[in-house]
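Here's the letter readout for the chains.
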Amino acid sequence: MRTSIATVCLSGTLEEKMRACSDAGFDGIEIFEPDLLVSPSSPEEIRDLAATLGLTLDLYQPFRDFEGVEEEQLEENLRRAQAKFALMNRLGIDTLLLCSNVGTATINDDAVAARQLRRLGDTAARYGIKVAYEALAWGRYVNDFEHAQRIVDLADHPNIGTCLDSFHILSRGWDPAAIEKIPAGKIFFVQLADAPELSLDVLSWSRHYRVFPGEGAFDLVGFMAHLVRSGYDGPVSLEIFNDVFRQTAEERTAVDAMRSLIWLEERTSAYLAEHDGGASYPMSLATLPRVAEPSGFNFAEVKAENPETVSTLLYQLGFTFAGRHRTKPVQLWTQGRARVIINGQQARGMEPGISALGLDVKDPQAAASRALQLRARPVNRRSQADEQVLQAVFAPDSTEVFLCEATADGTAAWAGEFSRPAGTGGPEGAPDAPDGDGLAEPLISAIDHINLSQPWQHFDEAVLFYESTLSLAPIASQEVPSPMGLVRSQVMRSVDGGVRLALNIAPLIVESGPESGEYPQHVAFASTDLIATARRAAERGLRFLPVPANYYEDLAARFRLDPAFLSELQELNLLYDRDADGEFLHFYTATVGNVFFEVVERRGSYDGYGAPNAPVRLASQYLASRNDSRRGEG
Ligand SMILES: O=C(O)c1ccc(O)c(O)c1
Ligand SMILES: [Mg+2]
């Protein structure tokens, strides 16, 4: 598949955009006319730069408001087109995008539009140029790709064909299956865009909210399948009008864009293999190493200059100090299959915070290879010759994601690098935890989920990253009110729930709030007996996140709870939720730096995260941080 991207997707100058597209690995670009008009480079210089960068110049766009006009206006439009054809000859671009008329059309007659397009085709032919006619979703008379195709058919000119744009087709609800009926030779260009579901006029939706494939709600795999079946084999180009992308560093957006196309190509290939058997088509689709979804969390890592700020909480939650790393200032704390690494390296002056997570995968090499092919940035951590070489990549928010080998017995292959000298207690400053706590089974069995706050600008990118590189699927997102703003929460999970990541857009109060990316994040542990876990933690002096009495009055009103149970919840600052599938009990620790912990117990088949309780947590944390900063001032 030949990949292309419109320069309108990116920030920067035309020259910067071109370099970013080349670096990200695109085959070609569409030049968006306003980008050329403001460039100090001549058309010839742009042509040379493209050649140097190894980019093809696939399309010049957009040409507007041509057809369906009175005769006098048509002559004017042809003159205007001729000037652009001459310019395109200098650029070395052979295809022009013509949008269906949104402004000057006064004649609603396909025969007239077709006749006028034929005249345009005659002029274009003299310059060796093809015109790709695109039905804009808000076109005056032509807003449906099948209608545009009928006009192209009527025009019946070798230099007049169609441009298909997934946004205009899917936003209007047109059936993309009709693409298969268009003769491949008549599809001159294809543009792709995804978009979130919004109730908005199509023009505003298109100009501000388009996103890369996989970041929105459109079925682009289905769209691509129809396109491939049509026999089309030209460029597949991204055309994303998005306010955020236009403000983001162009290198970053170009990588996000490339990832979306690589992923879409793979998905389309898999879809066609499943639905069309061995059929072969002119467009060849590249695939990636197929990897199974991760089966669980291998570890969570917290960076902390003073490890005891974090290890104290872990001890109170019943974790055991499992040892110190042979060569680094790194501690391992475990309970059941839950492992938390406290990393003191390069942590000077930093608030404690989640720095890495490990996922259990079947084949770490294959998983890493897939992630790298999807343009993930590799993490290069120095390791000794006799240590496990761990595969890791950076998530968009810079969290390091380690791809670890899943073991049948739930042990970690790297754990042997940690040891606890015999006869010694816990690490200095942290209380020791007696092994096993005298219990047959640990109360905490595993990491249930990890919650990462995302800078709002990179939220869509993060969703696509986790879906494409790690095969986690997004479930419907939720909005939770907090005193600092609405928090959008998007859970990405494996099918069996072994891995659950909750991505939150961190609300920001610009003057006094935490910096983006420093909003507290948390690790949630699964307990088999939440009340016992909480009692032990209380005995060990845990600072629970306080829950207001109003909450428990509301609980009593909503659920008929046994009064003794209710007062036990209240006494321990526990939260409660129930749905048709089961019950959910949970509590939160106080926050240290930028991290806190949660413990959850799922009863029955409860599969959520206690969303109705999230506002309580956010408000309580807000209050606690206010009090902390007031104490700091006094
Ligand atoms: O919003 C527009 O004007 C516009 C221009 C060119 C396109 O290809 C398109 O899809 C939209
Ligand atoms: Mg378009």
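A brief look at the structure comes next. (Residues numbered from 1 in each chain as written. Chains lettered and ligands numbered in written order. Predicted model: local features only at pLDDT ≥ 70, side-chain atom pairs only at ≥ 80, totals over all residues. Heavy atoms only, no water.)

A few points about empty space enclosed by the protein
Let me state the cut-off plainly: Cavities and pockets are found on a 1 Å grid laid over the protein atoms alone: a cavity is a set of points where a 1.4 Å probe fits but cannot escape, a pocket is an open set with protein on both sides within 12 Å along at least five of seven lines, and a lining residue has an atom within 4 Å of such a point. Grid points are joined across faces, edges and corners, and a volume is the space filled by probe spheres set on the points. Secondary structure elements are defined from DSSP: runs of H or I of at least 4 residues count as helices, runs of E of at least 2 residues count as strands, and each element is numbered from the N terminus.
With the rule as written, the count across this model stands at 4 cavities of 30 Å³ or more. Roughly 100 Å³ of internal volume is contained in the largest cavity. Surrounding the largest cavity, 14 residues form its lining, E67, I107, A113, Y141 and V142 being those nearest its centre. Those elements that provide at least two residues to the lining of the largest cavity are α5 (110-126) and α6 (145-155).

Let's talk about the packing of aromatic side chains
Two aromatic rings, taken as a pair, are described by how far apart their centres are and by the angle between their planes. The test is simple: Aromatic rings from Phe, Tyr and Trp, with only the six-membered ring used for Trp, were paired whenever their centres fell within 6.5 Å, and each pair was classed as stacked if the ring planes differed by under 30 degrees, edge-to-face if by over 60, and tilted otherwise. Whether a residue is buried, partly exposed or exposed follows from its accessible area with a 1.4 Å probe, protein chains only, as a fraction of its type maximum: under 20%, in between, or over 50%, in that order. Two thresholds decide whether a charge sits over a ring: the Lys NZ or Arg CZ must be within 6 Å of the ring centre and within 35 degrees of the ring normal.
A complete count under the given rule lists 20 aromatic pairs for this structure. Ring centres 5.4 Å apart and planes at 80° place the aromatic pair F559 and Y576 in the edge-to-face group. Separated by 17 residues along the polypeptide, F559 in the loop between α15 (549-558) and α16 (563-572) and Y576 in strand β24 (residues 575-579) bring together distant segments of the chain. A relative accessible area of 0% means that Y576 is categorised as buried. Here the aromatic cluster, defined as three or more aromatic residues joined through ring pairs, consists of F299, F402, W414 and F418. Its guanidinium or amino end placed over the ring of F394, R377 lies 4.4 Å from that ring's centre, counting from NZ or CZ.

Focus on the packing of helix α1 (residues 14-24) against helix α10 (residues 250-275)
Between two packed helices, the angle of one axis relative to the other and the distance separating the axes together describe the packing. Going by this rule: Comment: axis = line fitted to C-alpha atoms, over the contacting stretch for helices; angle = value between 0 and 180 degrees taken between N-to-C directions. Orientation is classified from the angle alone, with under 35 degrees giving roughly parallel, over 145 giving roughly antiparallel, 65 to 115 giving roughly perpendicular, and any other angle giving oblique. Here is the rule for handedness: rotate from the far helix to the near one, and if that takes an anticlockwise turn smaller than a right angle the crossing is left-handed, while a clockwise turn gives right-handed. Residues count as neighbours in contact if any of their non-hydrogen atoms are within 4.5 Å of one another.
Two elements in contact, α1 and α10, have axes whose closest approach is 9 Å; the angle formed by their N-to-C orientations is 40°. Relative to α10, the element α1 lies oblique. Judged by the sense of rotation from one axis to the other, the crossing of α1 with α10 is right-handed. Along its contact with α1, which presents E16, A20, C21 and A24, the element α10 presents E250, E251, A254, V255 and M258.

Quick word on the nonpolar core
Rules: Residues belong to a common nonpolar core when they are buried Ala, Val, Leu, Ile, Met, Phe, Trp, Tyr or Cys residues joined through side-chain atoms within 4.5 Å.
Residues F26 and L227 are the most contacted members of the largest nonpolar core, which totals 104 residues. Among the elements that line this core, the one with the most residues is α10, at 8 residues. Discounting residues that sit within four places of it in the chain, F26 has contacts with T3, S4, I5, C21, L55, L238, A254, A257, M258 and L261. Ranked by size, the runner-up nonpolar core spans 74 residues in total, among them L359, I450, L542 and V595.

Examining the layout of surface pockets
Filter applied, for reference: Each residue gets one label: Ala, Val, Leu, Ile, Met, Phe, Trp, Tyr, Cys and Pro are nonpolar, Asp, Glu, Lys and Arg are charged, and the others, such as Gly, are polar.
The computed volume of the largest pocket comes to approximately 1100 Å³. Forming the walls of the largest pocket are 42 residues, and the residues nearest its centre are E301, K303, S355, R381 and E400. Counting residues per element, the ones that place at least two in the lining of the largest pocket are β9 (296-303), β12 (338-343), β13 (353-361) and β16 (400-405). Taken together, the residues of the lining of the largest pocket sort by class into 15 nonpolar, 16 polar and 11 charged.

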